[in-house]
Amino acid sequence: MTISEHFTLKELSFSEAAARLGLDNTPGRIVVANLALVAAAMEKIRTLLGDRPIAVHSGYRSAEVNRAVGGVVTSAHCHGLACDFVCPAFGTPAEVALAILKSDIEYDQLILEYGWVHVGLAQVGLLSRREALTKRSKLAAYESGIRS
Ligand SMILES: [Zn+2]
């Protein structure tokens, strides 16, 4: 099921960890609606990055899957409101994050993580914080701004 021109529900709700551990990661109706918002934001990002292919690492994560991967309890991924991705044809995750930072694309959180970029959207009806952070490793604290 395609939920935007270049993104499918399957890739935005696929979880390698869920597949490996046999956990359910089927999105419910609200999550599917949220993932459509994420797909729309990802289309804008794709255009910003010169229409180059984007590889999604992680979108929706059920609470169970999120626990299994050690995700933050309040993670936007659990609501289907976040996407971790790379766009190697455009550049490094730092270059991708900086391009988004400089754009007028709306996001709640933009995080340069250790190997990918996280874009999170605000829950419907809430204002986007437009917060930019860097996380250099799994155990590192979040630093403010995009720092390569
Ligand atoms: Zn993420």
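To start, this report covers the structure provided alongside it. (Residues numbered from 1 in each chain as written. Predicted model: local features only at pLDDT ≥ 70, side-chain atom pairs only at ≥ 80, totals over all residues. Heavy atoms only, no water.)

**Examining the sheet that holds strand 4 (residues 117–120)**
Strand order across the open sheet formed by six strands is 1-2-4-3-5-6, with mixed pairing between neighbours. Of all strands in the sheet, those bounded by a partner on one side alone are strand 1 (55–58) and strand 6 (143–144). Sheet topology note: the strand 2 (residues 82–86)/strand 4 ladder contains four bridges and is antiparallel. Note on strand 4: the bridge partner recorded for cysteine 83 is valine 119. Against the sheet, helix 3 (residues 29–48) engages strand 2 and strand 4, with an angle of about 30 degrees to strand 2. Its contacts with the sheet put helix 5 (residues 93–102) on strand 2, strand 3 (109–112), strand 4 and strand 5 (131–134), and the angle it makes with strand 3 is roughly 155 degrees. (Pairing = 2+ DSSP bridges. Helix = DSSP H or I, 4+ residues; strand = E, 2+ residues; numbered from the N terminus. Contact = heavy atoms within 4.5 Å. Axes fitted to C-alpha atoms, helices over the stretch in contact; angles between N-to-C directions.)

**Comments concerning the coordination of the zinc ion**
Only His77 (NE2), Asp84 (OD) and His118 (ND1) from the protein coordinate the zinc ion, and they sit 2.0 Å from it. Between consecutive donors of the zinc ion, the numbers of intervening residues give the motif H-x6-D-x33-H. Residue histidine 77 is classed as buried on the basis of its relative accessible area of 2%. Relative accessible area serves as the criterion here: at 5%, aspartate 84 is assigned to the buried category. (Donors = N, O, S within 2.8 Å, 3.2 Å for Na, K, Ca; no water. Buried < 20%, exposed > 50% of the residue type's maximum accessible area, 1.4 Å probe, protein only.)

**Considering the pattern of salt bridges**
Per the stated rule, a full pass over the model turns up seven salt bridges. A salt bridge links aspartate 108 to arginine 129, with the shortest nitrogen-to-oxygen separation between them at 2.7 Å. One end of the pair, aspartate 108, is in the loop between helix 5 and strand 3; the other, arginine 129, is in the loop between strand 4 and strand 5, and 21 residues separate them in sequence. Owing to a relative accessible area of 9%, aspartate 108 belongs among the buried residues under this scheme. Through salt bridges with shared partners, a single ionic network connects Asp108, Arg129 and Glu131. (Salt bridge = Lys/Arg side-chain N within 4 Å of Asp/Glu carboxyl O.)

**Section: the environment of alanine 122**
Structurally, the position occupied by alanine 122 is in the loop between strand 4 and strand 5. Sequence-wise, alanine 122 and asparagine 34 are 88 residues apart; in three dimensions their C-alpha atoms are separated by 9.8 Å. Non-local contacts of alanine 122, meaning those with residues more than four positions away in its chain, are made with Leu81, Asp108, Leu127 and Ser128.

**Topic: the side chain of lysine 135**
With respect to the helices, strands and loops of the structure, lysine 135 is situated in the loop between strand 5 and strand 6. At 6.1 Å, glutamate 113 is the nearest oppositely charged side chain to lysine 135, a buried residue that forms no salt bridge. When neighbours within four sequence positions are excluded, lysine 135 is seen to be in contact with Ile111, Leu112, Glu113, Tyr114, Ala140, Ala141 and Tyr142. (Lys, Arg positive; Asp, Glu negative; His and termini not counted.)

**So, the nonpolar core**
Grouped together as the largest cluster of nonpolar side chains are 33 residues, with contacts concentrated most on Leu12, Ile45, Ile54, Phe85, Ile100 and Val119. The set of elements that each furnish at least two residues to this core consists of helix 1 (9–13), helix 3, strand 2, helix 5, strand 3 and strand 4. Looking at this core element by element, the count peaks at seven residues for helix 3. Setting aside its immediate chain neighbours within four residues, isoleucine 45 contacts Ile54, Phe85, Ile100, Ile105 and Val119. (Core = buried A, V, L, I, M, F, W, Y, C linked by side-chain atoms within 4.5 Å.)

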